[in-house]
Amino acid sequence: MTPANPAAAADAASSAPASPEDIAKYKQMANAVRALSMDAVQAANSGHPGLPLGAADIVTVLFSHYLRFDPQAPHWPDRDRFVLSAGHGSMLLYSLLHLLGYEDMTIEELKNFRQLGARTAGHPEYGHAAGIETTTGPLGQGLANAVGMAIAERHLAARFGDGIFNHKTYVLAGDGCLMEGISQEAISLAGHFRLNKLVVLFDDNQISIDGPVSLTDSTDQLARFAASGWDVMRIDGHDHAEIAHALASAQTAEKPVLIACRTIIGYGSPNKQGTSGVHGSPLGADEIKTTREQLGWTHKPFDIPTEIRDMWRITGLRGCKERKAWEKRHTALDTATRTEFDRRMAGDLPESLDEVISTYKQELADNPPALATRNASQNVLEVINPLVPETFGGSADLTGSNNTRTAAMKPFTATDPSGRFMHWGIREHAMAAAMNGIALHGGMVPYSGTFLVFTDYCRPAIRLSALMQQRVIYVMTHDSIGLGEDGPTHQPVEHLAALRCMPNLNVYRPADATETAECWQLALESEKTPSVLAFTRQKLKPVRTKFSRENRCARGAYDVSSDDDAKVVIFASGSEVEIAVEAADKLREVGASVRVVSVPCMDLFLEQDEDYRKLILGEEPVRIAIEAGVRQGWDALIGATGTFIGMSTFGASGPYEKLYEHFGITAEATVKAAVSGLEASA
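Thresholds, definitions, all that
The written sequence of each chain sets the order in which its residues are numbered from 1. Totals for whole chains, interfaces and linings use all residues, but because this is a predicted model, local features are given only for residues with pLDDT of at least 70 and pairs of side-chain atoms are given and counted only at 80 or more. Only hydrogens and water are set aside when side-chain values are computed; all heavy atoms of the structure are taken into account. Where helices and strands are cited, they refer to DSSP runs of H or I of at least four residues and of E of at least two residues respectively, numbered from the N terminus. Each radius of gyration is computed over the set of C-alpha atoms, and the globule rule expresses the reference value as 2.2 Å times the number of residues to the power 0.38. Type-normalised accessible area, obtained with a 1.4 Å probe on protein chains alone, sets the label of each residue: buried when under 20%, exposed when over 50%, and partly exposed for intermediate values. Residue contacts are counted whenever heavy atoms from the two residues lie within 4.5 Å of one another. All accessible areas in this document rest on Shrake-Rupley with a 1.4 Å probe, and a residue is counted as covered only by the protein chains that are shown. Note that His is not counted, nor are the chain ends; the positive residues are Lys and Arg, and the negative ones are Asp and Glu. In plain terms, the charge of a residue is placed at NZ if it is Lys, CZ if Arg, CG if Asp and CD if Glu. Confidence scores here are pLDDT values: one per residue, from the predictor, ranging 0 to 100. All axes here are fitted lines through C-alpha atoms, helices being fitted over the stretch that makes contact, and every angle between N-to-C directions spans 0 to 180 degrees. Roughly parallel refers to an angle under 35 degrees, roughly antiparallel to one over 145, roughly perpendicular to one between 65 and 115, and oblique to any angle outside these ranges. Should the near helix be turned counterclockwise from the far one by less than a right angle, the crossing is left-handed, whereas a clockwise turn marks it as right-handed. Lys, Arg, Asp and Glu make up the charged group, whereas Ala, Val, Leu, Ile, Met, Phe, Trp, Tyr, Cys and Pro make up the nonpolar group; the residues left over, Gly among them, are polar. Here the expected span of a helix is defined as 1.5 Å times the quantity of residues minus one. Regarding the arc, it is the one traced by the directions from the helix axis to the C-beta atoms. Any residue with an atom within 4 Å of a point lines the site, the site being either a cavity, points on a 1 Å grid over the protein atoms alone where a 1.4 Å probe fits but cannot get out, or a pocket, an open set with protein on both sides within 12 Å along at least 5 of 7 lines. Grid points are joined across faces, edges and corners, and a volume is the space filled by probe spheres set on the points. Take the buried residues of types Ala, Val, Leu, Ile, Met, Phe, Trp, Tyr and Cys, join any two whose side-chain atoms come within 4.5 Å, and each joined set is a nonpolar core. Salt bridges are defined by distance alone: a side-chain nitrogen of Lys or Arg within 4 Å of a carboxyl oxygen of Asp or Glu. Distance and chemistry together define a polar contact, namely a pair of N or O atoms within 3.5 Å, with one atom able to donate a hydrogen and the other to accept it when in protein, and with adjacent residues in sequence counting only for side-chain atoms on both sides.

Engineer: How would you sum up the overall build of the protein chain? Please name residues and give values.
Structural biologist: The number of helices and strands found in the protein chain is 27 helices and 18 strands. For the protein chain, the C-alpha radius of gyration of 28 Å lies close to 26 Å, the compact-globule estimate for 682 residues. Taking the principal axes of the C-alpha coordinates as reference, the protein chain spans close to 95 × 55 × 45 Å. The buried share of the protein chain, reckoned over its 682 residues, is 60%. Put simply, of all contacts in the protein chain between residues at least 6 apart along the chain, 78% involve residues at least 24 apart. For the protein chain, the computed accessible surface area is about 25300 Å², with 50% contributed by carbon and sulfur atoms. Mean positive and mean negative side-chain charge positions of the protein chain (63 and 84 charges, respectively) differ by 3 Å.

Have a look at this one:
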């Protein structure tokens, strides 16, 4: 590693806790982590003991001297974050939390590892217990989350000052995390933006499930990280002095830091250490016995002697003084700044948001615009962003297409992190995962854009947004064959249906500027549900031309127009609502009675009470749905015998008007289907 300030680094390293007394203490403390981990995995007859046994020395030094935290105030905003990106080694984290005195991580929770209802899930799950900063398990996600946390720390420090935000984000990552493609997106991003408060501890044990890493990979990880703009160093991950000196040096870096810690997986297991056999299976009673002998650990399962437990509990108390000093700095903030800080960290929105959106909707009703909803979205953001300073926008190199940057937004840069717009580059996966990290950090509401078809690149992170109940807003434009000439590689067909299948994810597809404003409001107000906002490339006629203070999109579906004793009901979303409206007008010309229902969010509609769902679904004998996507999901509204007008194949390249005609997604096709249905039901 080449520190930016060698003199300061030398001073920090010279004060590193590496005395013989420290090292003797670390050995006992690390063995306590090893014992609890192997005992819990054995009790569950399931789990991954190899990483906890191998990485125990690293985390013992980290938590004992460097990580700033306080188990008595686990949500202290300026705490350091620790992310176990290699989430399969979850017992490492659970053992630490128990030993450090986190009150909800009891010894009973450890004994119930991987059991239904326990806080100690197979992989760490955000919200299950204090000290679990993010849900990990899908490899590489935690690393990218940590990049987002580091971005949030720098941005919020620029707003509130280093006295309020000045903390580090530490990551423990394994070979698998670094093999996953998302890791390259994440590390190049971190290096470019010089996120020097990000430290990755690479558990370099050279073993994967199938055997030696050399079976599949020969990457020089230090060279790779260095080429991406990181400071790098290699140490012995079982040498407490080396670990301490490396972490001390990292404190003064001006770049993100990789510390490659060469470890032995399953350290202490005489017959399994250093092999893939210890990665993901219990050691077995006999091997645990010999491991105890090898480590000099004579205590019974789940028994931690008072002397060693006290070492850990004293470590857990170490951050209390710093936390109280921070609280004094927080109290000393001027009233306006402290009020904004508290509101943002609580996840509350400005109280005037509803009134501002209502006023904007009145303006739209007075002068209904014909706009692509991507442009309508940008107009709404021009209203929202000045009012809601915690919004943090971005785009994956499609800013001019996604329309996510508003006029006053400066870009976030390495030299000016106060900017509220992130140029993510062509890194959709890392963008989505980093937004999770930003949301998890607190104090910010991230939104960023790409094309809807590229949710395929984002999907693992979107799924984790939903699982972790994070307010992350995915702006996905070019939402159908309506994007036109770019053709089927860029035209989403199955994507709306696939996203709607995901639990706890709201997929919004507004039909005009007014619905766009309402959907943005709903996405912002959905504190525990992420949102996908699907917007068009093509212009749409206004559907809502009369002002309604009520957010009509909030119930997912509502009548746009309705005739008495309607015999035909047409459901549609987004750009196809105007087709439904045109078809209804044509049907009325021939004497048919029709009801048109806009469905901006099927997810919200299906959550409504039974009476409202029955009201909107109705009993019309002729039931039609229109969407420029596949049918899946629409049978919940039209039934298996209803008529669906949409896509059943991939799209094609051509002007969007011609594509709608080619695939039969037209008012004329809708009228024909309705007339045929009326004749059949007569």
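Engineer: Residues and numbers for the confidence of the model for the protein chain, please.
Structural biologist: Counting all residues, the mean pLDDT for the protein chain is 96, and 97% of those residues have values of 70 or more. For the stretch residues 1-14, pLDDT sits under 50, and the model shows 21 contacts to residues farther than four places along the chain or on other chains.

Engineer: So, the packing of helix α2 (residues 20-44) against helix α3 (residues 50-66): which residues are in play, and what are the values?
Structural biologist: At a minimum axis separation of 8 Å, α2 and α3 run at an interaxial angle of 130°. Between α2 and α3, the angle is such that the two are oblique. By crossing handedness, the relation of α2 to α3 is classed as right-handed. In this structure, α2 uses Tyr 26, Met 29, Ala 30, Val 33, Arg 34, Ser 37 and Met 38 to contact α3, whose residues at the interface are Pro 52, Leu 53, Ala 56, Asp 57, Thr 60, Val 61, Ser 64 and His 65. Taken together, the residues of the contact of α2 with α3 sort by class into nine nonpolar, four polar and two charged.

Engineer: Run through helix α27 (residues 667-681), naming residues and quoting values.
Structural biologist: An α-helical turn contains 3.6 residues, so any two residues separated by three or four positions project in the same direction. Compared with an ideal rise of 1.5 Å per residue, which puts 15 residues at 21 Å, α27 spans 21 Å between its outermost C-alpha atoms and is within 8% of the ideal. Every buried residue belonging to α27 is among Ala 667, Thr 670, Val 671, Ala 673 and Ala 674, and all of these are buried. Mapping the buried residues of α27 onto a view down its axis gives an arc of 165°, with all of them on the same face. Seen from the buried face of α27, the exposed residues on the opposite side, beyond 90 degrees, are Lys 672, Glu 679 and Ala 680. Of the surrounding secondary structure, the elements contacted by the buried residues of α27 are β15 (568-572), α22 (577-589), β17 (622-626) and β18 (643-645).

Engineer: Describe in detail empty space enclosed by the protein, supporting the description with residues and values.
Structural biologist: Overall, the coordinates contain three cavities of 30 Å³ or more when judged by the stated rule. The wall of the largest cavity is formed by 14 residues, among which Phe 69, Asp 80, Tyr 102, Gly 131 and Glu 133 lie closest to the centre. Every element with two or more residues in the lining of the largest cavity is listed here: β1 (81-84) and α4 (90-100). Of the residues belonging to the lining of the largest cavity, the class tally is eight nonpolar, one polar and five charged. Surrounding the second largest cavity, Phe 82, Val 83, Leu 84, Leu 93, Pro 124, Ile 132, Glu 133, Thr 134 and Thr 136 form its lining. Taken together, the residues of the lining of the second largest cavity sort by class into six nonpolar, two polar and one charged.

Engineer: With reference to specific residues and values, describe the nonpolar core.
Structural biologist: Residues Phe 63, Phe 82, Ile 151, Ile 259 and Trp 312 are the most contacted members of the largest nonpolar core, which totals 134 residues. Top element by residues in this core is helix α6 (residues 141-160). It accounts for 11 residues. Non-local contacts of Ile 151, meaning those with residues more than four positions away in its chain, are made with Leu 189, Leu 195, Phe 392, Phe 412, Met 422, Trp 424 and Ile 438. Core analysis: the next-biggest nonpolar cluster, separate from the first, contains 44 residues, Ala 376, Met 409, Phe 571 and Leu 604 among them.

Engineer: Requested: an account of the pattern of salt bridges, with residues and values cited.
Structural biologist: All chains considered together, the criterion is met by 37 salt bridges. Arg 292 is the partner of Asp 39 in a salt bridge, and the nearest nitrogen-oxygen pair spans 2.9 Å. Placement of the pair is Asp 39 in helix α2 and Arg 292 in helix α11 (residues 285-295), with a sequence separation of 253 residues. With a relative accessible area of 5%, Asp 39 lands in the buried category. Notably, a salt bridge pairs Arg 509 with Glu 627, separated by 3.9 Å at the nearest N-O pair. Residue Arg 509 is found in the loop between β12 (506-508) and α21 (513-525), and its partner Glu 627 is found in the loop between β17 and α25 (635-638); the two are separated by 118 residues along the sequence. Of the residues examined, Arg 509 reaches a relative accessible area of 1% and is grouped as buried. For Glu 627, a relative accessible area of 1% translates into the label buried. Connected through salt bridges with shared partners, the residues Asp 479, Arg 500, Arg 509, Glu 576 and Glu 627 form a single ionic network.

Engineer: Give me the lowdown on the environment of Arg 463, citing residues and values where you can.
Structural biologist: One can find Arg 463 in helix α19 (residues 455-468). C-alpha separation for the pair Arg 463 and Pro 305, spaced 158 residues apart in sequence, amounts to 41 Å.

Engineer: Talk me through the side chain of Asp 70; I want residue IDs and the actual numbers.
Structural biologist: By the secondary structure assignment, Asp 70 is in the loop between α3 and β1. Here the side chain of Asp 70 touches Arg 323 through a polar contact of 2.9 Å, side chain to side chain.

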